[in-house]
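What follows is the residue order along each chain.
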Amino acid sequence: MATETASGLSDHLRGVTVTTVACLSGIAAALVSAYLPFLGTTPAAATDRLALLVVAAFVFLQIPLLKLLGVKVEEFGIKDNLYVAFMTFTLWFIAYGVILSANLA
């Protein structure tokens, strides 16, 4: 097929897959942070560092998901891992900030 090579996904499809999973994981982490009973959207929750554990869990849960989607995570270097962590954290930060400021939960 045009999207696959002998080694798996094409470079473009690999990049799109990794970026999409990282961004959606960040948004999902924000929703989980907002709806967990011990975090929530109270003013105290905005300063609670426990929400960062939720983000870290979502970063680590992406590895099996990416393997399932056909991305060879064994070939990830430090740059790839930092990219995944940064994108997940950034989308979590933005989404969780919007949820906290709008009192959506």
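Residues numbered from 1 in each chain as written. Predicted model: local features only at pLDDT ≥ 70, side-chain atom pairs only at ≥ 80, totals over all residues. Heavy atoms only, no water.

Enquirer: Report on the environment of Ala57, specifying residues and quantitative values.
Expert: Position of Ala57 among the secondary structure elements: in helix α2 (residues 50-68). Taking the C-alpha atoms as reference points, Ala57 and Gly70, 13 residues apart in sequence, are found 21 Å from one another. (Helix = DSSP H or I, 4+ residues; strand = E, 2+ residues; numbered from the N terminus.)

Enquirer: Describe the UniProt feature "transmembrane region" (unreviewed entry) in the protein, with residues and values.
Expert: The UniProt record marks residues 12-38, 50-70 and 82-102 with the feature "transmembrane region" (unreviewed entry), using the residue numbering of this structure. Taken as a whole, residues 82-102 contains 100% helix and 0% strand, while its terminal C-alpha atoms sit 30 Å from one another. (UniProt positions renumbered as here; feature names shortened; annotations may be inferred.)

Enquirer: Talk me through the packing of helix α1 (residues 11-35) against helix α3 (residues 78-102); I want residue IDs and the actual numbers.
Expert: As a packed pair, α1 and α3 sit with axes 7 Å apart at the nearest point and diverge in direction by 40 degrees. Relative to α3, the element α1 is oriented oblique. The handedness of the crossing between α1 and α3 is right-handed. The residue inventory of the contact of α1 with α3, partitioned by class, reads 16 nonpolar, five polar and two charged. (Axes fitted to C-alpha atoms, helices over the stretch in contact; angles between N-to-C directions. Parallel < 35°, antiparallel > 145°, perpendicular 65-115°, else oblique. Left-handed = near helix turned anticlockwise from the far one by under 90°. Nonpolar A, V, L, I, M, F, W, Y, C, P; charged D, E, K, R; others polar.)

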